[in-house]
Amino acid sequence: MKITVVGAGAVGATCADNIARKELAEELILLDIREGFAEGKAIDMMQTAALLEFDTKIKGVTNDYAATADSEVVVITSGLPRKPGMTREELIGVNAGIVKSVTENILKHSPNTIIIVVSNPMDTMNYLTLKSSGLPKNRVIGMGGALDSARFKYYLSQELGCSPADLNAVVIGGHGDTTMIPLINHATWNSIPVTQFLSKEQQDKIVADTMVGGATLTKLIGTSAWYAPGAGTAFMVESIVRDQKKLISCGVALDGEYGQKDISLVVPVVLGKNGWEKIVDFKLTADEQASFNKSADAVRAMNNVLADSNLI
Ligand SMILES: NC(=O)c1ccc[n+]([C@@H]2O[C@H](COP(=O)([O-])OP(=O)(O)OC[C@H]3O[C@@H](n4cnc5c(N)ncnc54)[C@H](O)[C@@H]3O)[C@@H](O)[C@H]2O)c1
Ligand SMILES: O=C(O)C[C@H](O)C(=O)O
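This one's a predicted model, so the numbers in the text were calculated from it and none came from an experiment. (Residues numbered from 1 in each chain as written. Chains lettered and ligands numbered in written order. Predicted model: local features only at pLDDT ≥ 70, side-chain atom pairs only at ≥ 80, totals over all residues. Heavy atoms only, no water.)

Participant: Would you explain the overall build of the protein in this entry?
Facilitator: Each helix and strand counted, the protein has 10 helices and 14 strands in total. The C-alpha atoms of the protein give a radius of gyration of 19 Å, which matches the 20 Å a tight globule of 312 residues would have. Based on the C-alpha atoms only, the size of the protein along its principal axes is roughly 55 × 50 × 35 Å. Residues counted as buried form 52% of the 312 residues belonging to the protein. By sequence separation, contacts in the protein at least 24 residues apart represent 69% of the contacts at least 6 residues apart. Accessible surface, the protein as shown: approximately 13300 Å² in total, 53% of it carbon and sulfur. One finds the centroid of the 29 positive side-chain charges in the protein at a distance of 1 Å from the centroid of its 35 negative side-chain charges. (Helix = DSSP H or I, 4+ residues; strand = E, 2+ residues; numbered from the N terminus. Rg over C-alpha atoms; globule rule 2.2 N^0.38 Å. Buried < 20%, exposed > 50% of the residue type's maximum accessible area, 1.4 Å probe, protein only. Contact = heavy atoms within 4.5 Å. Areas by Shrake-Rupley, 256 points an atom, 1.4 Å probe, with all protein chains shown as cover. Lys, Arg positive; Asp, Glu negative; His and termini not counted. Charge placed at Lys NZ, Arg CZ, Asp CG, Glu CD.)

As structure tokens, this is what we get:
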């Protein structure tokens with residue numbers, strides 16, 4: 001198994017670190033545009049191999065796409081992160097060009113790969129990759145829901161005083177401060193609805209905190225988060241390369257599912273060796289479906305920027 005991570009910054013390096021620790025690949029290429037950066041990060045990580053006892057061989061390269069040839073999975077994290085006070089959507093101007101050119105270069109050497117898009121604004125960057133790569137839709141997957149669902153579980157566990165691992169909780173919609181939809185009415189604590197243990201006020205606060213989870217960390221840190229984003233991406237990679245068929249919220253192309261078409265939005269999908277293999281219908285209430293449609297409108301408006309800029 002060969003995996004490539006593009007972008008050796010905070011998220012890309014953390015994702016690579018998680019992939020190596022889990023030994024998800026024999027060969028892991030870390031690629032960045034900044035001279036020597038990925039090489040340095042890769043050597044630093046390889047120097048943990050003796051301590052952490054993993055066998056994955058990590059190699060860093062500067063813009064050398066030939067080194068990525070025949071990767072079975074490629075993770076794209078290249079691009080600017082937001083600063084405090086910014087929305088993810090404000091990154092589109094710079095990141096769309098980066099994601100498009102990275103995708104083109106990757107496909108020259110790995111034409112049948114599975115691409116996981118992390119760069120923001122993720123819903124629109126995943127749509128761009130779907131449109132510009134020509135890959136079958138099941139092989140283009142956006143990371144956002146895995147992270148947002150983990151954050152949702154964190155906030156629920158804090159309020160319930162329980163282990164996040166005992167929770168089932170899912171976020172769908174868009175990966176934006178106002179477009180994500182934490183499905184609190186579907187969330188359970190070892191199969192008991194969490195709504196049985198939380199007041200309406202507590203529920204509303206958990207939902208609101210989850211939605212601005214990324215912005216909260218950006219304000220605290222000064223740039224956006226990377227530990228949970230890197231782990232969330234590796235979690236998806238693991239389900240694909242081990243063919244685990246885990247049900248994970250991911251950004252995927254919708255063709256009528258959840259009432260939407262010609263858009264990438266986050267919905268629960270089964271992830272396995274073929275990429276996303278099945279969209280699972282959560283049977284939304286009328287209110288949840290209305291929120292989903294509103295998120296779709298907002299994401300579609302961002303997607304239109306791509307056409308206006310001749311990127312698709
Ligand atoms: N989808 C999510 O849930 C999620 C979570 C966290 C971060 N992100 C996004 O991921 C991206 C990366 O975040 P970060 O914190 O790692 O940023 P970072 O600045 O630490 O790293 C980005 C890296 O991309 C590299 N890069 C830029 N252009 C490139 C190109 N053309 N080819 C190869 N490499 C290139 C930079 O040199 C840099 O090392 C941002 O857009 C951020 O918003 C998304
Ligand atoms: O918040 C950000 O801009 C980065 C990422 O999308 C996140 O949710 O952590």
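After that view of the structure, there is still more to cover.
Participant: How do you make sense of the environment of Gly230 when you look at a structure like this?
Facilitator: Looking at the element boundaries, Gly230 is found in helix H9 (residues 227-241). Taking the C-alpha atoms as reference points, Gly230 and Thr14, 216 residues apart in sequence, are found 4.9 Å from one another.

Participant: What is the right way to look at the site of ligand 1 in this model?
Facilitator: Inspection of the region around ligand 1 gives 27 residues, with Val11, Asp32, Leu80, Val118 and Met143 positioned closest. For ligand 1, an oxygen atom lies 2.9 Å from a polar atom in the backbone of Ala10. Asn120 places a polar side-chain atom, nitrogen or oxygen, 2.9 Å from an oxygen atom of ligand 1. Taken by itself ligand 1 offers 860 Å² of open surface, and the protein chains cover 87% of this. Where the shell around ligand 1 is concerned, the elements lending two or more residues are helix H1 (10-21) and helix H4 (92-109). At 3 residues, H4 tops the list of elements feeding residues into the shell around ligand 1. Partitioned by chemical class, the residues of the shell around ligand 1 number 16 nonpolar, 10 polar and 1 charged. (Near = heavy atom within 4 Å. Polar contact = N/O pair within 3.5 Å; in protein donor to acceptor, adjacent residues only side chain to side chain. Nonpolar A, V, L, I, M, F, W, Y, C, P; charged D, E, K, R; others polar.)

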